[in-house]
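# Residue-level structural notes
The chain contents come next:
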Amino acid sequence: MNGVQMIRVAEGEGEQRLDRWLKRRFAQLNQGTVEKLCRTGQIRVDGGRVKAATHVLPGQEVRVPPLPEAAPEAPAAPARNSRITEADERMIEAAVLWRDEHIIALNKPPGLPSQGGSGQGERHVDGLTEALKFGYKDRPKLVHRLDKDTSGVLLLARTDRIARALSEAFRERDTRKIYWAIVAGVPSPRKGTVRFGLVKAAGRGGEEKMLCIHPGKVAETEGAKRATTDFAVLEALGSRAAWVALVPVTGRTHQLRAHMAEIGHPIIGDGKYGGSGQENLGDGWGAQLGGDISRKLHLHARSISFTHPITKKVMTLVAPLPEHMARSWKTLGWSEGDVPADPFEDEA
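A quick note: this is a predicted structure, and the numbers were derived from the prediction, not measured.

Okay, the overall build of the chain next. Tallying secondary structure elements over the chain gives 8 helices and 18 strands in all. In the chain, buried positions account for 46% of the 348 residues. Across the chain, contacts joining residues at least 24 apart in sequence account for 64% of those joining residues at least 6 apart. For the chain, the exposed area adds up to about 18,000 Å²; of that, 47% sits on carbon and sulfur atoms.

This is the structure:
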């Protein structure tokens, strides 16, 4: 193809991302090429520099530089993302909180598993990472997980080197994760530490469930592992419920959910550890609040702090609340800006 083209976005094309608009018109373009042409200013919209993710509108004029001719079609293996719907592609891209050349941080939606597994189905973050390559050859890699119904910050490494570095940071507890939750009742004291060990036990229908073990019994209980959770009450709704910050000092399966239930304050909406249909009547038990409060799990990975493997800067990434939790906060009159980002800092 010779020469620069000036193409006007048609009325019928609606608002859409520039990269998708271009790839529909020019089959020979891939994501990496589009991003490079945008980065070097060769692709422009109404004369201005743009990013691949910029949304174009009907009537705007797109400058397209000379492009290579499409290569002859050849038999190819099915694309890995052939099972990713356009809706899921939009969803997972919208979940990106932050990214650079090395790391991608997502605000994982509730209800989306981190990985596949028993009973998880085929729709999960790991299966959608093909849509998060952003010009790289390889898919980004998960370096930790969140429960299916837990929302919030989830890190992915864009290269094997970064995956190894971040995995080591998690192993050595050089990262700090703070979760927000609403729990039934109000813990007393309002700040403390739970040290019950955890062991896998069969749940209903064969589902995985963790059983709490007294710290003094962990050593003699087969399969039990020590677990530690710090908690702090941020706001209270009388005696019925509390907004708490939780820090998993260790990283065991279902640790926060099992620990809060064990001390008599299950997380609201937690059917597995709090009784799915039981309403909290003010005695500190029952995983529902009733009224306009959602029955979904109210547990959110609010922030994560870590040292960037390349820049060596301490990064703190914060994830907004998911829709159902934001509605609950509004209903209860709580404001995200009224509490400290890290209520445990004075103890550090």
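There's plenty left to go through after this.
Going through the model one piece at a time under the given rule, you end up with 17 salt bridges. A salt bridge links R20 to E93; the shortest N-O distance between them is 2.7 Å. Of this pair, R20 sits in helix α1 (residues 18–25) while E93 sits in helix α3 (residues 86–94), placing them 73 residues apart in sequence. Here E93 falls in the buried class, since its relative accessible area comes to 14%. The residue R171 makes a salt bridge to E168 at a minimum N-O spacing of 2.5 Å. With R171 and E168 both in helix α5 (residues 160–171), this residue pair falls 3 residues apart, about one helical turn.

In this fold, A181 is placed in strand β11 (residues 176–184). Its relative accessible area of 0% is what places A181 among the buried residues. In the structure, A181 is positioned 63 residues away from V244 in sequence and 5.4 Å away in space, judged by C-alpha atoms.

This paragraph deals with α5. For α5, which comprises 12 residues, the first-to-last C-alpha distance of 16 Å matches the rise-based estimate of 16 Å (1.5 Å per residue) to within 8%. Taken residue by residue, α5 has I162, A163, L166, A169 and F170 as its buried positions. Looking straight down α5, one finds its buried side chains confined to an arc of 130°; they lie on one side. Pointing more than 90 degrees away from the buried face of α5 are the exposed residues R161, R164 and R171. In this structure, the buried side of α5 is in contact with β8 (103–108), β9 (141–142), β10 (151–157), β11 and β17 (299–307). R173, located one to two residues past α5, shows a positive phi value of around 60°.

Within the structure shown, the criterion is met by 5 aromatic pairs. Taken together, a centroid distance of 5.3 Å and an interplanar angle of 70° make the contact between W243 and W329 edge-to-face. Of this pair, W243 sits in strand β16 (residues 241–248) while W329 sits in helix α8 (residues 323–332), and the two are 86 residues apart along the sequence. Residue class for W329 comes out buried when judged on its relative accessible area of 2%. With 5.7 Å between their ring centres and 80° between their planes, W329 and W334 make a pair best called edge-to-face.

With that settled, consider unusual backbone geometry. In this model, S188 is joined to P189 through a cis peptide bond whose omega is 5°. The residue H254 is not glycine, and still its phi comes out positive at about 55°. By the secondary structure assignment, H254 is in the loop between β16 and α6 (255–262). Under the relative-accessibility criterion, H254 is labelled buried at 10%. With phi around 65°, K312 is a residue other than glycine that occupies positive phi space.

Running from N to C, α1 and helix α2 (residues 31–39) point in directions that differ by 120°, and their axes come no closer than 10 Å. The orientation of α1 with respect to α2, classified from their angle, is oblique. Here α1 runs over α2; the crossing is right-handed. Here α1 contributes L18, D19, L22 and K23 to the contact with α2, which in turn contributes Q31, V34 and C38. Partitioning the contact of α1 with α2 into residue classes produces 4 nonpolar, 1 polar and 2 charged.

Attention now moves to the confidence of the model for the chain. Confidence in the prediction of the chain, expressed as mean pLDDT, is 87, and 87% of residues score 70 or more. Predicted confidence is poor over residues 71–81, with pLDDT under 50, and the contacts of this stretch with residues over four places away or in other chains come to 3 contacts.

In terms of residue burial, β11 counts as a mostly covered element, since 8 of its 9 residues are buried. Sheet topology note: the β11/β17 ladder contains 6 bridges and is antiparallel. Pairing of W180 across the sheet is with H300, part of β17. In this sheet, β16 lies alongside β11 in antiparallel orientation, the contact comprising 6 bridges. Paired with A184 across the two strands is A241, which belongs to β16.

What counts and what doesn't
- Residues numbered from 1 in each chain as written.
- Predicted model: local features only at pLDDT ≥ 70, side-chain atom pairs only at ≥ 80, totals over all residues.
- Heavy atoms only, no water.
- Helix = DSSP H or I, 4+ residues; strand = E, 2+ residues; numbered from the N terminus.
- Buried < 20%, exposed > 50% of the residue type's maximum accessible area, 1.4 Å probe, protein only.
- Contact = heavy atoms within 4.5 Å.
- Areas by Shrake-Rupley, 256 points an atom, 1.4 Å probe, with all protein chains shown as cover.
- Salt bridge = Lys/Arg side-chain N within 4 Å of Asp/Glu carboxyl O.
- Expected span 1.5 Å × (residues − 1).
- Arc of directions from axis to C-beta.
- Phe/Tyr/Trp six-rings, centres within 6.5 Å; stacked < 30°, edge-to-face > 60°.
- Axes fitted to C-alpha atoms, helices over the stretch in contact; angles between N-to-C directions.
- Parallel < 35°, antiparallel > 145°, perpendicular 65-115°, else oblique.
- Left-handed = near helix turned anticlockwise from the far one by under 90°.
- Nonpolar A, V, L, I, M, F, W, Y, C, P; charged D, E, K, R; others polar.
- pLDDT = per-residue confidence, 0-100.
- Pairing = 2+ DSSP bridges.

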